[in-house]
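# Secondary and tertiary structure notes
One letter stands for each residue in the lines below.
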Amino acid sequence: MGFRDAKIEKDSIYQIEPNLVNKLIKVNEGKQYYFRHITFIGNTKYSNAELSRILGIKKGEIYSQNKLDSRLFMNQAGFDVSSLYMDDGYLFFNLNPVEVNVENDSIDLEIRIYEGKQATINRVIVTGNDKTSDHVILRQLRTVPGDKFSRANIQRSIRELSQLNYFDPEKLGVNPIPNPQSGTVDIEYKVVE
């Protein structure tokens, strides 16, 4: 809710009956903060306008670290700045939001981006399958050697493996093994039959 300076100033517990206690907490909310200017630095693949649209935070909105994080990294709906890059092969992509100015009740952010090179899939490895043949598993996967890395394709592959009903869906896992020097990644799928 934008109260980033909020703190508990004191708390106390006192007994009101033999089996009941009250807890008194004194909170100082501080002032409420708002987003002001958000700029992107280091982006060449996507324009500032495209990234701002994906971020979806407007000037004057109440400051929320949770909202900022979900729009930058790993939004459950898959609609965030990181997925935009990672679904287009930018496995080595990195971003860092930095508060560059806090003035009165407004916060200016600079989102520093390192795009890196696009990564291609080198090998796809399956471990943990004793009964099920590799080719049965591999034909369900959306990640193929030679293709660009895509986080969305990995998530879809996991969903499709769980729908086979051959594996414990709660124990399905994926382990990307990046090789930044060659610009490739091996993808290991871990299954439990």
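Above this text is the structure in question.
The paragraphs below set out a description of the structure included in this document. Everything numeric in this text was worked out from a predicted model, so none of it was measured.

Aromatic ring pairs: the centre-centre distance and the angle between the two ring planes describe each pair. Per the stated rule, a full pass over the model turns up 5 aromatic pairs. Ring centres of Phe35 and Tyr63 lie 5.0 Å apart, and the angle between their planes is 45°; on these two criteria the pair is classed as tilted. Remark: Tyr63 occurs in the loop between helix H1 (48–55) and helix H2 (65–72) and Phe35 occurs in strand E3 (residues 34–41); sequence separation between them is 28 residues. For Phe35, a relative accessible area of 1% puts it in the buried group. The class for Tyr63 is buried, based on a relative accessible area of 5%. With centroids separated by 4.3 Å and ring planes inclined at 10°, the aromatic side chains of Tyr85 and Phe93 adopt a geometry described as stacked. You can call Tyr85 buried: its relative accessible area is 0%. Linked through ring pairs, Tyr46, Tyr85, Tyr90 and Phe93 together constitute an aromatic cluster.

Once that is clear, we can look at the side chain of Ser106. You can see Ser106 is positioned in strand E5 (residues 106–114). Of the residues examined, Ser106 reaches a relative accessible area of 13% and is grouped as buried. Polar side-chain contacts of Ser106 include one of 3.3 Å to the side chain of Asp105.

This paragraph deals with the environment of Ala152. Inspection of the secondary structure puts Ala152 in helix H5 (residues 151–163). Judged by its relative accessible area of 31%, Ala152 falls in the partly exposed class. Between the C-alpha atoms of Ala152 and Phe93, which are 59 residues apart in sequence, the distance is 15 Å.

Here the structure, examined in full by the defined rule, presents 13 salt bridges. A salt bridge links Glu160 to Arg156, with the shortest nitrogen-to-oxygen separation between them at 3.2 Å. Of the two residues, Glu160 and Arg156 both sit in helix H5, 4 residues apart, roughly one turn of that helix. When its relative accessible area of 37% is taken as the criterion, Arg156 is described as partly exposed.

We now examine the nonpolar core. Of all hydrophobic cores here, the largest spans 21 residues; its most connected members are Leu55, Val81, Tyr85, Ile111 and Ile113. Within the residue set of this core, elements represented by two or more residues are E3, H1, H2, helix H3 (81–86) and E5. Per-element accounting of this core gives the leading share, 4 residues, to E5. In this structure, Leu55 is in contact with Ile38, Phe40, Leu68, Arg71, Leu72, Val81 and Ile111, ignoring residues within four places of it in sequence. Counting 18 residues, the second largest nonpolar core, distinct from the first, contains Met86, Ile154, Ile187 and Tyr189.

Reading the values: rules and limits
Within each chain, residues carry numbers counting from 1 in the order of the written sequence. In keeping with the predicted nature of the model, local features appear solely for residues at pLDDT of at least 70, side-chain atom pairs appear and are counted solely at 80 or more, and the whole-chain, interface and lining totals rest on all residues. Only hydrogens and water are removed before side-chain values are computed, so all heavy atoms of the structure are retained for them. Stacked, edge-to-face and tilted are the three classes for Phe, Tyr and Trp ring pairs, Trp counted by its six-membered ring, which pair at centre distances within 6.5 Å; planes under 30 degrees apart are stacked, over 60 edge-to-face, the rest tilted. Starting at the N terminus, helices and strands are each numbered in turn, a helix being any DSSP run of H or I of at least four residues and a strand any DSSP run of E of at least two. Partly exposed residues are those whose accessible area sits between 20% and 50% of the maximum for their type, while under 20% is buried and over 50% is exposed, using a 1.4 Å probe and protein chains only. Polar contact is the term for a pair of N or O atoms within 3.5 Å; when the atoms are in protein, one must be able to donate a hydrogen and the other to accept it, and sequence-neighboring residues count only if both atoms are side-chain atoms. Think of a salt bridge as a Lys or Arg side-chain nitrogen and an Asp or Glu carboxyl oxygen that are within 4 Å of each other. Buried residues of nine kinds, namely Ala, Val, Leu, Ile, Met, Phe, Trp, Tyr and Cys, make up a nonpolar core once their side-chain atoms join them within 4.5 Å. In what follows, a contact means two residues having at least one pair of non-hydrogen atoms within 4.5 Å.

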